[in-house]
Amino acid sequence: MSLPDFKTMYRELIARPSVSALDASLNQSNRAVIELLAQWCEQLGFSTEITELHAAPGKFNLLARRCPPGMAEHSGGLMLAGHTDTVPFDDSRWNFDPFTLSEQDNRLYGLGSIDMKGFFAFVLQALEELKDLKQSAPIMLLATADEEITMAGAQEIARHSNLKPERCIIGEPTDMVPVYTHKGHMSSAIRITGRSGHSSDPDRGLNAIEIMQQVITNLLQLKEDLKNKYSLEDFTIPYPTLNLGHIHGGDNANRICGCCELHIDLRPLPGLSIAELQALLLQAVAPINARYPDSVSVIDLHDPIPAFHGTRDCALVTLAEKISGQQAVAVNYCTEAPFLQQLGCETIVMGPGSIAQAHQPDEYLAMEKIKPSQQILTELIKQQCFV
């Protein structure tokens, strides 16, 4: 039985909602997407394993494998990886139904069209085109859950003791430019616990907003220190970044603020460990905590994601550069690469569509990119897994 055509696969993937969100009212299972992919993989002769996440019940990973006769399916070969969840969406900002693939102005619109359900349609189409050739190395397709909030799916796969691919391509949208390294990601809450009271008697309280002002001063100094102390010229923004993203405190003008919370985003470079960055953050707030004992708490909003540290000179990067005609680059956003790299495989990030469309209303894939992207991906798989 043949697979559906490319556009039908795209449409069916988009039609199955799989939103990941910290807000439980928005959070959804990805099971329908996983089961659809498993069905298509089985039609291509793959064995499939669907696993519910321990850290996120109701979310599922798919590992599909196909090996030449007599070859161990756990070792060697190529893994093609991507996540099946999407970010939430603001219905008022979309001009199309996010769950209906809409074709207009030479674009395919839909939630996940490039970030990144659509990647699986490209992979399956490539495997369909190559099905009459003799396979010479194992091929694995990995579809993960919860990338958009916790990366729990990739973290659980990274602990798979019997899974040893030689190479891995993660199909995040890069316009088919190979990515060999990227920054990590930390999101932290700085919570100030003061003492509320009536505004007419300031000495009876401890104003959390005033303490937060001192914290922000120290964080801005840390921001400058990171910029001046650490640098990697591979990146367009060559230093670690610190962003003050969200703040809330107090409840009324005539009341001393008893609690204030700031959310910050940090992007460590390869070589700057999560532990070191956390220590620098605690060091920045320590003098204020000493002045106002136990008033400042630093809380991870999610498990920190380390930077992905690859090299330009590995065989997979060289092959990807040759086939795509594009030089490998470093990027400032993060992916599942640092976790999948723990399997011991050469790893790159490389997929169809532009990262500029990720997390945007009216997310779309430019249709003129379909054919060249498909040709590059098919050739990458062919040269590594077929004779």
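Keep in mind that what you see is a predicted model, and the values were worked out from it rather than measured.

Conventions adopted
- Residues numbered from 1 in each chain as written.
- Predicted model: local features only at pLDDT ≥ 70, side-chain atom pairs only at ≥ 80, totals over all residues.
- Heavy atoms only, no water.
- Helix = DSSP H or I, 4+ residues; strand = E, 2+ residues; numbered from the N terminus.
- Buried < 20%, exposed > 50% of the residue type's maximum accessible area, 1.4 Å probe, protein only.
- Contact = heavy atoms within 4.5 Å.
- Phe/Tyr/Trp six-rings, centres within 6.5 Å; stacked < 30°, edge-to-face > 60°.
- Lys NZ or Arg CZ within 6 Å of the ring centre and 35° of its normal.
- Domains from an automatic or database assignment.
- Buried area = accessible area lost by both parts, 1.4 Å probe.
- Disulfide = S-S within 2.5 Å.
- Pairing = 2+ DSSP bridges.
- Axes fitted to C-alpha atoms, helices over the stretch in contact; angles between N-to-C directions.
- Expected span 1.5 Å × (residues − 1).
- Arc of directions from axis to C-beta.
- Polar contact = N/O pair within 3.5 Å; in protein donor to acceptor, adjacent residues only side chain to side chain.

**Things to note about the environment of A143**
With respect to the helices and strands, the residue A143 is situated in strand 6 (residues 139-144). Residue A143 is classed as buried on the basis of its relative accessible area, which comes to 0%. For the pair formed by A143 and D85, sequence separation is 58 residues and the distance between their alpha carbons is 9.5 Å. Here A143 is in contact with I34, L37, F60, N61, L62, G82, T84 and F120, once residues within four sequence places are set aside.

**What about the packing of aromatic side chains?**
The full count for this structure, using the stated rule, is seven aromatic pairs. Ring geometry for F96 and Y109: centres 4.1 Å apart, planes at 20°, overall stacked. You can see F96 sitting in the loop between strand 3 (78-83) and strand 4 (102-104) and its partner Y109 sitting in strand 5 (residues 107-109), a full 13 residues away along the chain. Across the pair, Y109 and F96 agree in class, each one buried. Across from the ring centre of Y364, 4.0 Å away, lies the NZ or CZ of R107, which sits over that ring.

**Comments concerning the domain arrangement of the protein chain**
Each assigned domain of the protein chain is listed with its residue range as follows: domain 1 (6-182 + 306-385) and domain 2 (186-300). Contact with domain 1, which involves 13 residues of that partner, is made by nine residues of domain 2. Between domain 1 and domain 2, the buried area comes to about 730 Å², and carbon and sulfur atoms account for 56% of it. For domain 1, the biggest contributors to the area lost against domain 2 are A307, A330 and N332; these three give 56% of the whole.

**Some thoughts on the state of the cysteines**
Enumeration over the complete set of coordinates arrives at zero disulfides. There is no disulfide at C41, and the cysteine sulfur nearest it, in C67, is 13 Å away. Residue classification places C41 among the buried positions, given a relative accessible area of 1%. As a non-bridged cysteine, C168 has C345 as the owner of its nearest cysteine sulfur, 4.9 Å distant.

**Considering the sheet that holds strand 13 (residues 259-267)**
Sheet architecture is open: four strands sit in the order 11-13-9-14, paired in antiparallel fashion. Each of the sheet's edge strands pairs with one partner strand only, and the pair in question is strand 11 (241-249) and strand 14 (296-300). Each adjacent strand pair in this sheet contributes to an overall mean axis angle of 20°, direction not counted. In this sheet, strand 13 lies alongside strand 9 (residues 186-193) in antiparallel orientation, the contact comprising eight bridges. In the sheet register, A189 faces strand 13, and the bridge partner there is H263. Set on the sheet, helix 5 (residues 208-229) makes contact with strand 9, strand 11, strand 13 and strand 14; between it and strand 13 the angle comes to about 10°. In the packing of helix 6 (residues 274-291) onto the sheet, contacts are made with strand 9, strand 13 and strand 14, and the angle to strand 14 comes to roughly 160°.

**Digging into helix 9 (residues 370-385)**
Spanning 16 residues, helix 9 covers 22 Å between terminal C-alpha atoms, matching the ideal 22 Å at 1.5 Å per step. Here helix 9 has its buried residues at I370, S373, Q374, I376, L377, T378, L380, I381, Q384 and C385.

**Notes on unusual backbone geometry**
The omega angle of the peptide bond from D115 to M116 is -15°, so this bond is cis rather than trans. Position of M116 relative to the elements: it lies in the loop between strand 5 and helix 3 (118-129). Even without being a glycine, M176 presents a positive backbone phi close to 60°. Locating M176 in the fold gives a position in the loop between strand 7 (167-170) and strand 8 (179-182).

**So, helix 5**
Taking 1.5 Å per residue, 22 residues should reach 32 Å; helix 5 reaches 31 Å between its end C-alpha atoms and fits that length. Restricting attention to buried positions, one finds in helix 5 the residues A208, I211, M212, Q214, V215, L219, L222 and L226. When helix 5 is viewed along its axis, its buried side chains cluster within an angular range of 155° and face the same direction. Set apart from the buried face of helix 5 by more than 90 degrees, the exposed residues are E210 and N228. Looking at the buried positions of helix 5, the neighbouring elements they touch are strand 9, strand 11, strand 13, helix 6 and strand 14. The residue sitting at the N-terminus of helix 5 and contributing the capping side-chain oxygen is N207; that oxygen lies 2.9 Å from the backbone nitrogen of I209.

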